[in-house]
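In case you want the letters, here they are:
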Amino acid sequence: MFKRFLPTALLVFGTSLWAQDSEPVVYPHLVVGGGFQVVVLTTNPTDQSWEGSMRLPDFGAGSGRSWTHNGDDRTGSDAAPLDLEPQATMRHVLAAPAGSPIWSGVFQIEGGNGSPATDLAVTFFLEYWLEDELVDMVGVAASPAAHRVSIPVEVSPSTSTDTGIAIRRPRLDEAAGDDPAPFQMTLFDEEGELLDTIPVEAEGARFASEFFPDHAGQGEFIGSILCESHDPFHLVALRQRLLEGGRFHLTGVPAAILPGTPPERPQIAATARYRVRFNATWSRTTHPNEFPSRPHFSGLIGGTHNDQVKFWDSGQNATPGIKNMAETGGQSLLANEVRAAIQAGTAERVILGGGISSSPGLVSLEFEISRDFPLVTLVSMIAPSPDWFVGVHDLSLLDAGDWFEERTVELFPYDAGTDSGVSFNSPDAPTVPPQPIRRITEPPLGNGRTAAPLGTFTFSRIQE
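All of these numbers come straight from a predicted model, not from anything done at the bench.

What counts, and at which threshold
Residues numbered from 1 in each chain as written. Predicted model: local features only at pLDDT ≥ 70, side-chain atom pairs only at ≥ 80, totals over all residues. Heavy atoms only, no water. Helix = DSSP H or I, 4+ residues; strand = E, 2+ residues; numbered from the N terminus. Buried < 20%, exposed > 50% of the residue type's maximum accessible area, 1.4 Å probe, protein only. Contact = heavy atoms within 4.5 Å. Areas by Shrake-Rupley, 256 points an atom, 1.4 Å probe, with all protein chains shown as cover. Core = buried A, V, L, I, M, F, W, Y, C linked by side-chain atoms within 4.5 Å. Axes fitted to C-alpha atoms, helices over the stretch in contact; angles between N-to-C directions. Parallel < 35°, antiparallel > 145°, perpendicular 65-115°, else oblique. Left-handed = near helix turned anticlockwise from the far one by under 90°. Expected span 1.5 Å × (residues − 1). Arc of directions from axis to C-beta. Salt bridge = Lys/Arg side-chain N within 4 Å of Asp/Glu carboxyl O. Phe/Tyr/Trp six-rings, centres within 6.5 Å; stacked < 30°, edge-to-face > 60°. pLDDT = per-residue confidence, 0-100. Polar contact = N/O pair within 3.5 Å; in protein donor to acceptor, adjacent residues only side chain to side chain. Pairing = 2+ DSSP bridges.

**Thoughts on the overall build of the protein chain**
At step 1: From N to C terminus, the protein chain includes 4 helices and 31 strands.
At step 2: Scored against the burial criterion, the 464 residues of the protein chain give a buried share of 50%.
At step 3: Residue pairs at least 24 apart in sequence account for 76% of intrachain contacts in the protein chain once pairs closer than 6 positions are excluded.
At step 4: Accessible surface, the protein chain as shown: approximately 20800 Å² in total, 50% of it carbon and sulfur.

Now the structure itself:
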């Protein structure tokens, strides 16, 4: 496959699929330098002031990357403040100094002081400048919402050409209740002969060579792709050609809306069985600062539930069950909270498992989950510690149209906000009043700006 610098996710418009209300909204890629800059439009559609920040995690201190936000030099920092009055819109230009090489990374929107990141409406696109003239602007209008859309594709290693495709649901679909049906992509050659059909589970953007690597890898290819779904979607396509000196030529690809019956919505199995594997990587190498003599994790505890209950979240105060788990590793109080939710009809099962007696280490457990209660909450105490823990909350194992075959989540450290200790072996020091749960970034687990993950949860579906 030919060398490619421009990330496909630049074609994505709108917000991330994985964001929770109090978590950052992450946009997969941006490109600055070499004539490229990113234009971001943020709108606060609410009646309350919004306070937060725009972060470029790959451009912080030590990265060697220089960048500007609306002309202000942010070199050495990975964030710029983002404050919006009610109903206000702001334009942000993220760029690199003249002569900078092409740098790619991600950017994210983070809320602060009770301002959820998902309250904002965000659009971004790429501008490419050559000798002070705007050559291309990736602000191509998406196709109207449709069930069947066809686009021409070209993949040519000899001319460094590829076709990028972004698909996105209308935002109104989020309120429909059911998960949207998956996409079906069919590849045709220049003569209209069907070559391959693949399912595409999630929204996003990729190159044609990535959707169909077997065919694209055979050399020059010209044909078309038909994208179909039972539920309507928007589509944007761009043709990228790599020029000399790291420059690009980007052109919009016309999308044709076709008549006909879209694929039927697939039937999702009512239940699924999963094995979750806790791979603890916490070690003196990953977190050398004040590393304790006996690093371990308490027994796993959590449950399966729907979106009508939340057992913990960053920014909210810990329940007695979370407090007990984070301070002592106890499972019983949190298990009782899940059982109470079961009685209330918002949860279905308690999940209990063993801990890890020495980190690094591994532990796993199996559980069943249902279509009506597709979310998982699962936690474990970081030990020894005052009230620190790792875990996931409200994690859906339902993908668009079916159960995930596998899903891996990095585990970052959290402070339960119930003990004021500052080191692994600090004596008990109750926090009065308790503070909201927050992600830990300061020593000994962090460097003051961020903290490396302590492991992963991998949820693998068990085929029965």
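Moving on, there is more to tell.
**Notes on the nonpolar core**
At step 1: Core analysis: the biggest nonpolar cluster contains 35 residues, and Tyr274, Phe278, Phe297, Phe367, Leu397, Phe457 and Phe459 have the highest contact counts within it.
At step 2: Looking at this core, the elements with two or more residues in it are strand S19 (271-280), strand S23 (361-370), strand S24 (375-383), strand S25 (388-396), strand S28 (406-411) and strand S31 (455-462).
At step 3: Top contributing element to this core by residue count: S19, with 5 residues.
At step 4: Excluding anything up to four places from it in sequence, Phe278 contacts Phe297, Leu300, Ile356, Gly361, Leu362, Val363, Ser380, Val390, Leu411, Thr456 and Phe457.

**Some thoughts on the packing of helix H3 (residues 320-328) against helix H4 (residues 332-344)**
At step 1: Remark: H3 packs on H4, axes separated minimally by 7 Å, with the N-to-C direction vectors making an angle of 155°. The angle between H3 and H4 falls in the class roughly antiparallel. Crossing geometry of H3 relative to H4 is assigned as left-handed. In this structure, H3 uses Pro320, Gly321, Ile322 and Asn324 to contact H4, whose residues at the interface are Leu333, Leu334 and Glu337.

**Section: H4**
At step 1: With 13 residues, H4 should cover 18 Å at 1.5 Å per step; its first-to-last C-alpha distance of 18 Å lies within 8% of that length.
At step 2: Those residues of H4 not exposed but buried are Leu334, Ala335, Glu337, Val338 and Ala341. Buried residues of H4, seen end-on, are gathered within an arc of 155° and therefore sit on one face of the element.
At step 3: Of the surrounding secondary structure, the elements contacted by the buried residues of H4 are strand S21 (301-305), H3, strand S22 (347-352) and S24.
At step 4: Following H4 by one or two positions, Gly345 has its phi on the positive side, about 85°.

**Looking at the pattern of salt bridges**
At step 1: In this structure the tally under the stated criterion is 16 salt bridges.
At step 2: Taking the shortest distance from any N to any O, the salt bridge between Glu348 and Arg349 comes out at 3.1 Å.
At step 3: On the accessibility criterion, Arg349 (25% relative accessible area) is partly exposed.

**Description of the packing of aromatic side chains**
At step 1: By the definition in use, this model includes 15 aromatic pairs.
At step 2: An angle of 70° between the planes, with centres 5.1 Å apart, marks the rings of Trp312 and Tyr414 as edge-to-face. Here Tyr414 lies in strand S29 (residues 414-415) and Trp312 lies in the loop between S21 and H3, a separation of 102 residues in the sequence.
At step 3: You can call Trp312 buried: its relative accessible area is 0%.
At step 4: Using a relative accessible area of 7% as the deciding quantity, one classes Tyr414 as buried.
At step 5: Ring centres of Phe367 and Phe459 lie 6.2 Å apart, and the angle between their planes is 85°; this geometry places the pair in the edge-to-face category.

**Topic: the confidence of the model for the protein chain**
At step 1: When pLDDT is averaged along the protein chain, the result is 83, and 85% of the positions lie at 70 or above.
At step 2: For the protein chain, the element scoring lowest by mean pLDDT is strand S10 (residues 133-138), at 55; strand S20 (residues 296-297) scores highest, at 98.
At step 3: Throughout residues 1-21 the model reports pLDDT below 50, and contacts reaching past four residues in sequence, or to other chains, amount to 77 contacts.
At step 4: Scored below 50 in pLDDT, residues 172-176 makes 1 contact in the model with residues more than four places away or belonging to other chains.

**Overview of the side chain of Ser385**
At step 1: Mapped onto the elements of the fold, Ser385 is located in the loop between S24 and S25.
At step 2: Using a relative accessible area of 8% as the deciding quantity, one classes Ser385 as buried.
At step 3: A polar contact of 2.5 Å, which involves the side chain of Ser385, links it to the backbone oxygen of Ile382.
At step 4: For Ser385, the side chain forms a polar contact with the main-chain nitrogen of Trp388, separated by 3.1 Å.
At step 5: Leaving out residues up to four positions away in the same chain, Ser385 has contacts with Ala326 and Phe424.

**Re H3**
At step 1: Looking at H3, one finds that the buried residues are Gly321, Ile322, Met325 and Ala326. All buried residues of H3 project into a common sector of 125° when viewed along the axis, lining one side. Facing away from the buried side of H3, by more than 90 degrees, are the exposed residues Pro320 and Thr328.
At step 2: Check the buried side of H3 and you find it contacts S21, H4, S24 and S25.
At step 3: Remark: Gly329 follows H3 within two positions and exhibits a positive phi of approximately 85°.

**Here we look at the environment of Ala344**
At step 1: Here Ala344 is to be found in helix H4.
At step 2: Of the residues examined, Ala344 reaches a relative accessible area of 60% and is grouped as exposed.
At step 3: Expressed as a C-alpha distance, the spacing of Ala344 and Val309, which sit 35 residues apart in the sequence, is 9.6 Å.

**Re the sheet that holds S19**
At step 1: Strand order in the open sheet formed by 4 strands is S23-S19-S31-S28, and the pairing between neighbours is antiparallel. Each having just a single partner strand, S23 and S28 make up the two edges of the open sheet. Averaged over all adjacent pairs, the angle separating strand axes in this sheet is 20°, with direction ignored.
At step 2: Both S19 and S31 contribute to a ladder of 8 bridges, which runs antiparallel. Each bridged residue has a counterpart across the sheet, and for Arg277 the counterpart in S31 is Thr458.

**Some remarks on unusual backbone geometry**
At step 1: The omega angle of the peptide bond from Ala383 to Pro384 is -5°, so this bond is cis rather than trans.
At step 2: With respect to the element layout, Pro384 can be found in the loop between S24 and S25.
At step 3: In this chain, Val432 is followed by Pro433 through a cis amide linkage whose omega measures -10°.
At step 4: Along the polypeptide, Pro433 turns up in the loop between S29 and strand S30 (438-439).
At step 5: One non-glycine residue, Asn113, adopts positive backbone phi at about 55°.
At step 6: Considering the arrangement of structural elements, one finds Asn113 in the loop between strand S8 (103-111) and strand S9 (121-130).
At step 7: Unlike most non-glycine residues, Glu290 shows phi in positive territory, near 55°.
At step 8: As for its placement among the helices and strands, Glu290 is situated in the loop between S19 and S20.

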